[in-house]
Amino acid sequence: MSLLELDGLTIRYGDTDVVRDLSFGVDNGESVGLVGESGSGKTQTALAILGLLPANATVAGSIRIDGTELLGASEKALNSVRARHVAMVFQDPMQALNPFTQIGQQVGRILIQHKLASAAEARARVIRMFERVGLPDPARQFHAYPHQLSGGMRQRAMIASALIAEPKLLIADEPTTALDVTVQAQILELLADIRRDTALLLITHDLGIVAGHCERMLILADGRLIERGATREVFARPQHEHTARLLAAAPRLDRTDIPTGPRGDTVLAISGAEVIYADRGQESLQAVRGVDLTVRSGETVAIVGESGSGKSSLVRAALGLVPMHAGRVVFCGTALAGRVQHRKKAVRRGLQLVFQDPAGSLNPQMRVASIVAEPLVVHEPAVDAETRQERVIAMLEKVGLGTDYVHRYPHELSGGQAQRVAIARALILRPKVLVCDEAVAALDGTVREQILALLREVQAEAALAIIFITHDLSVVRAISHRVLVMYLGSLVELADNAELFANARHPYTQALLQAVPVPDPEHAGGKAILAGEVPSALRPPDGCAFHPRCPFARDICSAERPPPRKIDGATVACHFAEDLSGA
Amino acid sequence: MLRYALLRLLGAIPTLLLVIVLAFLMVHAAPGGPFDAERALPAEIEANIAAAYHLDEPLYQQFVRYLKGLVQGDLGPSYRYRDHTVSELIATAFPLSLKLGAMAMLLALIVGVAAGSLAALRRNTLSDRVLMMLAMTGISIPVFVIAPVLVLFLAVRLQWLPAGWSGNEGAARFLLPVIALALPQIAYIARLTRASMIDVLASDFVRTARAQGLGTAAIVRYHALKPAMLPVLSYLGPAIAAILTGSVVVEEIFGIPGLGQFFVRGALNRDYTLVLGIVIFYATLVVLLNLVVDILYGAIDPRIRRR
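Remember, it's a predicted structure, so these values are computed and weren't measured experimentally.

Let us now look at the overall build of chain B. Each helix and strand in chain B was counted, giving eleven helices and zero strands. The order of α-helices and β-strands along chain B, N terminus first, is α-α-α-α-α-α-α-α-α-α-α. Reported as C-alpha extents along the three principal axes, the dimensions of chain B are approximately 85 × 55 × 30 Å. For chain B, with 307 residues in total, the buried portion stands at 44%. Within chain B, contacts between residues separated by at least 24 positions form 73% of all contacts whose residues are at least 6 apart in sequence.

Printed below as a string of structure tokens:
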């Protein structure tokens, strides 16, 4: 008998089945990955196991834990199973932890509720558990509120809350999706180390995570189980074509079809950019600390970094959307005014933007045709309605949307289609530079591939310069000619795509590359090289901002800020770049 | 914290000044004066009285004189209650009004929060609908209608409670006025609590608590109640103002000798200093209580707590 047995589980909302006839088991102590794209029903399945589906969901089939049926069980019976037999780690610990209560109280409440400990014992056990999950100074952190912790520390507290009652099965639903990649590696290692004989059902869209952390895997598509097997087997010989497609679209750092298109003259040059946010009078936050960057026509420059790296601030300052404290922006040979409202219309149309959230960046009350036509109305008012309409349709066709989409509203589009509309809106003015701010971060793997291919296509046609801001190194690999790596507002490394991935010179770049999970069970990546997390930009470390986390740091690193230096065509800001190359 | 409170109080000075100017102008703009009697007085006596109270001076001079007194904490003499200063009258009448208002506020909070939470937990059931219908009724009917209706049924017909103030003793005589004062607030707080409780119960951290095996009672007590109270807390400022206004009407209806009654009498008698004094007193009270509410906000929500 398995620990967890699902038999013919079907979850329905109204007339729509989100999960259909799903059967699988999880044995004591094993780790199973539940994989699928958004909308495949993986989270619904997890919520069903814990009896947490909303009241309007109809559930049929059977869910058994240690042979006890959970479907149709009373709330009281379910409450005795929750936490003690099955516990859950949710995706976003900022939302999933109560912001009004000290984390120690929240975790201790579980023990008291299940009558596993008195208040005093609970406190001692919580502190011991906090120590196990790597919360520093656990007795003090007991009294911390969630907002006082970093993202990684919050997720450690969440894991402590899931393990405190020693469950037999731990369900982790995208436990690292809200975290930076170096922190993700730490959390996944922690989960693997700490669970001991607790079985793990790991829900994720990231095949790299499954390859590194799961013995078996289940693949869901449209609410159906389409493939299952040992992880190595599935990766080596996928049976279902959808699985093969998912594997092909999995983010990889070793792809060879990287952009090599011809590059022209410099269209945008940023030099000495400094961005300081100085609200609240007393504390000022230096988001960008003296960064130079040039972009040539036909070239894609990726800017990559973890949260707080200043990658978005740098580009927003160049666009004139936030004030630049110092530095210059030169566009096609002319120096630009600091704020966008002081710039000439002709300049503004030359720089266009695509945002992260495709649905949120389109006006929900406008039809696709008007959304795409709007820039034309503003910048080319002389164009008559008929010509405008023709250009809109031509542009929509170029981004892969037919005339069917002209009259749709944004909510009638999928994420990928909405992002195509956003790209059409940005390109209709034939800009020289397109800025994509995490433009594929909200999209599933297969759709992400399509959008990246589209961007490469339009670039080749119009010699477009693209600045692509992302936290995802697989996207960097796929889209860029050159890469700027940033850390706490500073340039860390600037190099050609091929050079950076083959021969990273800065220890931070190296650690970043190592931390990315590799979708290959034989060569698992996702190594946690770096301890700790990105320090607050309010109080950046002296000297090299990276030195407190750097495994190679010497005395000079805490004293002197390393200036960016040219080494074999790359630019690196590290005192020991020559010694560390290829380390 | 102290610094914050002081800054807030300093920031309230322009508000209070504006209230004083407006109240001063409005009181003096009202037709008639404090010493108009049914029987006209001889002109020279009238002039003497006016001179004694400086009513013969230009308005701006009167205002400056009044402000000078105010800065020294002197609200001036009452024009109608001879031998009493306005400060004395407020000191005599306010404790009763405070008692009445505090009891109404407390009742409104307890019943409103309980009813709102219950409605949220039983969302879309019969009890939810009935509670919310009652709440809607409570908001729609003004105090001056509710109070006489309560008296008619509970005091006159059923004879459960005493109808008036004078001639009755003990705590029972507080019941009807407090209920009349609290009812609209109960209704509003119940609706607020229901809406915010429904929001909080749908939040991710409540789902986490359910996943941890906490029962409904524990979830409400340890996870949902505090955050659900935030909108209610921000409503307390307006609620206090509404209860102050309501007490003017209720005290008049039940014949309670509180500050509200003095205020009404003062206004009818053109007792300039008394009306002004009570307006300034109430305005200061509202400013102070709003400050208390804001400080309480920080006590509940750790994210906005000040260092």
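Once the structure has been displayed, the description carries forward.
Each regular strand shows side chains that alternate between the opposite faces of the sheet. All names here are of chain A. In terms of burial, strand 20 (residues 490–496) is a largely internal element, six of the seven residues being buried. Two elements, strand 19 (residues 482–487) and strand 20, share six bridges in a ladder whose sense is antiparallel. The partner of Y487 across the bridge, within strand 20, is S490. Between strand 19 and strand 20, which pair antiparallel in sequence order, lie two residues; one of them, L488, sits at a positive phi of approximately 50 degrees. Judged from the two bridges that link them, strand 20 and strand 22 (residues 570–572) form a sheet pairing that is antiparallel. Across the sheet, the residue bridging to E493 is V572, located in strand 22.

Another point: the environment of F576 of chain A. All names here are of chain A. As for its position among the elements, F576 is in the loop between strand 22 and helix 22 (577–580). Taking C-alpha positions, F576 is 58 Å from T10, a pair spaced 566 residues apart along the chain. Those residues within four positions of F576 in sequence are excluded, and the remaining contacts are R554, I556, C557 and R565.

Attention now goes to the confidence of the model for chain B. Residue and element names in this part refer to chain B. The share of residues in chain B with pLDDT of 70 or more is 97%, and the mean pLDDT across the chain is 87. Of all secondary-structure elements in chain B, the lowest mean pLDDT belongs to helix 2 (residues 43–52), at 80, while helix 8 (residues 204–211) reaches the highest, 96. Across the whole predicted complex the pTM is 0.85, and at the interface the ipTM reaches 0.85.

Take the sheet that holds strand 15 (residues 334–335) of chain A next. All names here are of chain A. If you walk across this open sheet you meet the four strands as 12-11-14-15, and the pairing is antiparallel. Each having just a single partner strand, strand 12 (285–296) and strand 15 make up the two edges of the open sheet. Note that strand 14 (residues 326–331) and strand 15 share two bridges and pair antiparallel. Paired with F331 across the two strands is T334, which belongs to strand 15. Against the sheet, helix 12 (residues 311–319) contacts strand 11 (266–277), strand 12 and strand 14, and its axis sits at roughly 115 degrees relative to strand 11.

Attention shifts here to the interface of chain B and chain A. The interface of chain B with chain A comprises 21 residues on the first partner and 26 residues on the second. Summed over both sides, the interface of chain B with chain A buries roughly 2,200 Å², with 58% coming from carbon and sulfur. Across the contact surface, chain B and chain A share one salt bridge. Note that R210 of chain B and E75 of chain A form a salt bridge whose closest N and O atoms lie 4.0 Å from each other. Across the chain B-chain A interface, the total number found is seven residue pairs in polar contact (both at pLDDT 80 or more). Broken down by secondary-structure element, the contributors of at least two residues to the side of chain B that touches chain A are helix 8 and helix 9 (216–254) of chain B.

In this section: the environment of Q341 of chain A. Residue and element names in this part refer to chain A. By secondary structure assignment, the location of Q341 is in the loop between strand 15 and helix 13 (345–350). Residue Q341 is classed as partly exposed on the basis of its relative accessible area of 48%. Measuring from C-alpha to C-alpha, the distance between Q341 and G320 comes to 7.9 Å, with 21 residues separating the pair along the chain.

All names here are of chain B. At their nearest, the axes of helix 9 and helix 10 (residues 259–268) sit 7 Å apart, and the two run at 90 degrees to each other. With respect to helix 10, the axis of helix 9 lies roughly perpendicular. The segment helix 9 lies against helix 10, with V248, E251 and E252 engaging L259, G260, Q261, F263, V264 and R265. When the residues that make up the contact of helix 9 with helix 10 are grouped by side-chain class, the tally is four nonpolar, two polar and three charged.

As a further point, take the side chain of R482 of chain A. Mapped onto the elements, R482 of chain A comes out in strand 19. Among the residues examined, R482 of chain A registers a relative accessible area of 13% and is labelled buried.

Turning next to the sheet that holds strand 8 (residues 199–204) of chain A. All names here are of chain A. Judged by pairing direction, the sheet is mixed, and its six strands sit side by side in the order 6-7-8-3-9-10 without closing on themselves. Looking at the sheet topology across the chains shown, the edges are occupied by strand 6 (86–89) and strand 10 (224–230). Averaged over all pairs of adjacent strands, the angle between strand axes in this sheet comes to 20 degrees, irrespective of strand direction. Packed on one face of the sheet, helix 1 (residues 42–49) meets strand 3 (31–35), strand 6, strand 7 (169–173), strand 8 and strand 9 (216–221) and runs near 145 degrees to strand 8.

Bringing the pattern of salt bridges into the picture now. Under the counting rule described, the total for this entry stands at 30 salt bridges over all chains. By sharing partners, the salt bridges in this structure join E75 and R82 of chain A together with R210 of chain B into a single network.

Another aspect to go through is the pairing of strand 9 of chain A. Residues and elements named next belong to chain A. Here strand 9 lies mainly inside the structure; five of its six residues are buried. Where strand 3 meets strand 9, four bridges bridge the pair, whose relative direction is parallel. Residue pairing across strands places V35 opposite I219, the latter belonging to strand 9. Inspection of the sheet shows strand 9 paired to strand 10 by six bridges, in the antiparallel sense. Bridge pairing in strand 10 links I219 to E227. In this antiparallel pair of consecutive strands, strand 9 and strand 10, the connection spans two residues, and D222 shows a positive phi of 50 degrees.

Turning next to helix 5 (residues 126–140) of chain B. Residues and elements named next belong to chain B. Taking 1.5 Å of rise per residue, the 15 residues of helix 5 would be expected to cover 21 Å, and the 21 Å separating its terminal C-alpha atoms lies within 8% of that figure. Residues of helix 5 that are buried include every one of D128, M132, A135 and G138, and no others. Down the axis of helix 5, the buried side of the element spans an arc of 115 degrees, and every buried residue falls inside it. Pointing more than 90 degrees away from the buried face of helix 5 are the exposed residues L126, R129, M133, L134 and S140. For helix 5, the elements touching its buried residues are helix 4 (86–121), helix 6 (143–157) and helix 7 (172–201).

Following the criterion strictly, the structure yields ten aromatic pairs over all chains and no others. With a centroid separation of 4.9 Å and an interplanar angle of 70 degrees, the aromatic rings of F24 of chain B and F63 of chain B are classed as edge-to-face. Here F63 of chain B lies in helix 3 (residues 59–71) and F24 of chain B lies in helix 1 (residues 2–29), a separation of 39 residues in the sequence. Each member of the pair, F24 of chain B as well as F63 of chain B, is classed as buried. Taken together, a centroid distance of 6.2 Å and an interplanar angle of 35 degrees make the contact between F281 of chain B and Y282 of chain B tilted. Site record: aromatic cluster; members linked through ring pairs are Y487, Y508 and F546 of chain A. Lying across the ring of Y222 of chain B, R109 of chain A places its NZ or CZ 3.3 Å from the centre. Taking the ring centre of F153 of chain B as reference, the NZ or CZ of R157 of chain B above it sits at 5.6 Å.

Conventions we followed
Every residue gets a number counted from 1 within its own chain, in the order that chain's sequence is written. Chain A is the first chain written and ligand 1 is the first ligand written, with later ones labelled in order. Whole-chain, interface and lining totals are the exception, using all residues; otherwise, since this is a predicted model, local features are given only for residues with pLDDT of at least 70 and side-chain atom pairs are given and counted only at 80 or more. Heavy atoms from the whole structure form the basis of all side-chain values; hydrogens and water molecules are not counted. Here a strand is any run of E in DSSP of at least two residues, a helix any run of H or I of at least four, and the numbering for each starts at the N terminus. Note on exposure labels: buried denotes an accessible area under 20% of the residue type's maximum, exposed denotes more than 50%, and partly exposed covers the range between, all computed with a 1.4 Å probe on protein chains only. Should any heavy atoms of two residues lie within 4.5 Å, those residues are counted as being in contact. Strand pairing is defined by DSSP finding a minimum of two bridges between the two strands. Values of pLDDT, the confidence the predictor places in each residue, fall between 0 and 100. A fitted line through C-alpha atoms represents every axis, and for helices the fit uses only the stretch in contact; the resulting angles, taken between N-to-C directions, go from 0 to 180 degrees. In short, buried area is how much 1.4 Å probe accessible area vanishes from two parts on joining, totalled over both. By convention in these notes, a salt bridge is any Lys or Arg side-chain nitrogen within 4 Å of a carboxyl oxygen on Asp or Glu. Whenever two N or O atoms come within 3.5 Å, that pair is a polar contact, provided that in protein one can donate a hydrogen and the other can accept it, and provided that, for residues adjacent in sequence, both atoms are side-chain atoms. Throughout this description, any angle smaller than 35 degrees is read as roughly parallel, any larger than 145 degrees as roughly antiparallel, any in the 65 to 115 degree range as roughly perpendicular, and the remainder as oblique. For this classification, Asp, Glu, Lys and Arg are treated as charged, while Ala, Val, Leu, Ile, Met, Phe, Trp, Tyr, Cys and Pro are nonpolar and the rest, including Gly, are polar. Helix span is expected to be 1.5 Å times the residue number reduced by one. Read the arc as the range of directions from the helix axis to the C-beta atoms. Here a Phe, Tyr or Trp ring, Trp counted by its six-membered ring, pairs with any other such ring whose centre lies within 6.5 Å, and the pair is stacked when the planes are under 30 degrees apart, edge-to-face when over 60, and tilted otherwise. In this scheme, Lys NZ or Arg CZ marks a charge over a ring once it lies within 6 Å of the ring centre and within 35 degrees of the ring normal.

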